[in-house]
Amino acid sequence: MRLLVTGGAGFIGSNFVLHVLRERPAWRVWNLDKLTYAGNLENLASARGDPRHQFIKGDICDAAVVERTIADQGIEAVINFAAETHVDRSIADSEVFIRSNVLGAHVLLDVGRRRGVKRHVQVGTDEVYGSLGETGCFTEETPLAPNSPYAAAKAAADLLCRAFARTHGYGAIVTRCSNNYGPFQFPEKMLPLMIANAMHDRQLPVYGDGMNVRDWLHVEDHCAALLLALERGRPGEVYNVGGKNEWRNLDVVKLVLRRLGKPESLIRFVADRPGHDRRYAIDPSKIMAELGWAPRVAFEEGLSRTIAWYRENAAWVANVTSGAYQDYYRAMYQVDEQGRVRR
Ligand code: NAD
Ligand code: DAU
């Protein structure tokens, strides 16, 4: 298989590239990534020198680069991870979300279709379904009701995939996964941010009352689901991916503190995220029944491994959080001279 991975220097994309090189030794991977603040070639250090993996720095919105890559390398399949992914940033400024998540996804579909790509996975999110009440789960039939600019842009890409499959018979498949955690996640996201702050005795900013629920899945389980969807998913279909592992944010934060032996007094309740979705929960029965997928990593075990990874990779964290991240963090959480969050 000659596979184009886009966004393969980010959190899930880099885990997926390493997963494919391990699980499918005969495949060749071209990895197209713009290297935004969230992309980091250090994530792929273990693939350095591997002739099966080739990195190309480029933007998925640039049709010429995408066309050249697909045509020159004889690409047979595409999997698109490339996107702006942080909800809070999409609230502050949504333009780049529309560019990368909608226009970029469209360029990939359009060039892929014209150049005879056989299979195309759009890596989507459960956030397109909006928010749940106390009970129930998102199925693939749940109406789309995105609440953040990020989620709305991802929903647009999903609908383009549907249209390309229906209209052109293009082999586009959409997956919709719940919250991932694991190594290489950028520390703007809740779990690595809480781990990094707790490790350094900094305050842990919990939005609102901390009772929002997220359905956590280890990134390795997500990668296994994506590989199955890429190989065996039915074109035009949507597959929900989730581990039936719902946690209230405050309980996750307290668990992180316990694991690190830090006091709960580090928790600070801060202003809520505008439009904050209350609860996500995925019904993964379709991918389990049709493709034989099942999550393998138990949350408490996966969390221990993730905390251990962040402890052992303090240099990685220091590297990605230097420079522009410091400005983002100080503005986002209104940090004062004593390092207290004021937001
Ligand atoms: P990330 O922010 O860690 O990485 C995104 C990557 O895309 C970065 O390497 C970045 O440089 C690259 N990129 C951004 N814009 C680009 C562009 N225009 N052209 C080329 N490259 C570009 O994101 P992630 O958390 O790994 O998420 C990957 C995908 O999975 C996204 O599409 C996201 O919507 C989806 N997803 C994420 C989660 C989650 O919990 N993190 C859950 C479900 C779905
Ligand atoms: O559900 C899948 C989605 O999960 C992906 O599509 C997104 O790309 C990914 O970022 C993630 O979105 P969330 O908004 O759920 O993740 P985040 O880590 O930003 O926040 C998780 C929860 O924690 C959410 O309820 C908001 C809360 N939170 C977050 C941050 C950053 C806090 O309480 N404090 C924080 O500082």
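Just above sits the structure.
Student: Tell me about the pairing of strand 6 (residues 172-177), residues and numbers included.
Tutor: Counting buried positions along strand 6 yields six of six residues, so the element is predominantly enclosed. Burial along strand 6 is two-sided: A172, V174 and R176 facing one way and I173, T175 and C177 facing the other are all buried. Following the backbone out of strand 5 (residues 119-125), through helix 5 (residues 149-168) and into the adjacent parallel strand 6, one traces a crossover that is right-handed. Note: strand 6 against strand 11 (residues 238-241), four bridges, orientation parallel. In the sheet register, C177 faces strand 11, and the bridge partner there is V241.

Student: Please set out the environment of H222 residue by residue, giving values where relevant.
Tutor: Within the secondary structure layout, H222 lies in helix 7 (residues 219-232). H222 gets classed as buried once you look at its relative accessible area, which sits at 1%. Counting along the chain gives 72 residues from H222 to A294, while the straight-line C-alpha distance between them is 9.8 Å. In contact with H222, not counting residues within four places along its chain, are I12, V123, C177, N180, L217 and V241.

Student: Mind laying out the sheet that holds strand 6, listing which residues take part and the relevant values?
Tutor: The strands that make up a sheet pair up through hydrogen bonds in the backbone, lying either parallel or antiparallel. Across the sheet, seven strands lie side by side as 3-2-1-4-5-6-11; this open sheet has parallel pairing. Edge positions in the sheet fall to strand 3 (53-57) and strand 11, since each of these pairs with one other strand and no more. Here the strands of the sheet are splayed against their neighbours by 20° on average, with no regard to which way each runs. By the bridge criterion, five bridges tie strand 2 (residues 28-33) to strand 3 in an arrangement that is parallel. Its bridge partner being in strand 3, W30 is matched across the sheet by Q54. This element, helix 1 (residues 11-23), spans strand 1 (2-6), strand 2, strand 3 and strand 4 (77-80) of the sheet and lies at about 170° to strand 2.

Student: Give me the site of ligand 2: which residues, what numbers.
Tutor: Among the 24 residues in the neighbourhood of ligand 2, the closest are listed as D126, E127, Y150, R273 and Y333. Here an oxygen atom of ligand 2 sits 2.9 Å away from a polar atom, N or O, in the main chain of T85. The separation between an oxygen atom of ligand 2 and a polar side-chain atom of D126 is 2.6 Å. Relative to its unbound accessible surface of 690 Å², ligand 2 loses 95% to contact with the protein. Elements that contribute at least two residues to the shell around ligand 2 include exactly helix 6 (190-199) and strand 8 (204-207). Among the elements that make up the shell around ligand 2, the one with the highest residue count is strand 8 (three residues). Taken together, the residues of the shell around ligand 2 break down into ten nonpolar, eight polar and six charged.

Student: Give me the pairing of strand 2: which residues, what numbers.
Tutor: The buried count for strand 2 comes to five of six residues, which makes it a mostly enclosed element. Both strand 1 and strand 2 contribute to a ladder of five bridges, which runs parallel. From the neighbouring strand, V5 faces strand 2, where its bridge partner is N31. Each parallel crossover has a hand, and the one from strand 1 via helix 1 to strand 2 is right-handed.

Student: Any details on the site of ligand 1? Residues and values, ideally.
Tutor: Taken together, 28 residues sit near ligand 1, with I12, D33, T85, Y150 and K154 positioned nearest. A distance of 3.0 Å separates an oxygen atom of ligand 1 from a polar backbone atom of F11. The separation between an oxygen atom of ligand 1 and a polar main-chain atom of T36 is 3.0 Å. Going through the elements one at a time, helix 1, strand 5 and helix 5 are the ones with two or more residues in the shell around ligand 1. Among the elements that make up the shell around ligand 1, the one with the highest residue count is strand 5 (three residues). Its residues assigned to classes, the shell around ligand 1 comprises twelve nonpolar, twelve polar and four charged.

What counts, and where the lines are drawn
- Residues numbered from 1 in each chain as written.
- Chains lettered and ligands numbered in written order.
- Predicted model: local features only at pLDDT ≥ 70, side-chain atom pairs only at ≥ 80, totals over all residues.
- Heavy atoms only, no water.
- Buried < 20%, exposed > 50% of the residue type's maximum accessible area, 1.4 Å probe, protein only.
- Helix = DSSP H or I, 4+ residues; strand = E, 2+ residues; numbered from the N terminus.
- Right-handed = clockwise from strand over helix to strand, strands pointing away.
- Pairing = 2+ DSSP bridges.
- Contact = heavy atoms within 4.5 Å.
- Axes fitted to C-alpha atoms, helices over the stretch in contact; angles between N-to-C directions.
- Near = heavy atom within 4 Å.
- Polar contact = N/O pair within 3.5 Å; in protein donor to acceptor, adjacent residues only side chain to side chain.
- Areas by Shrake-Rupley, 256 points an atom, 1.4 Å probe, with all protein chains shown as cover.
- Nonpolar A, V, L, I, M, F, W, Y, C, P; charged D, E, K, R; others polar.

All we've got here are geometric facts, nothing functional implied.
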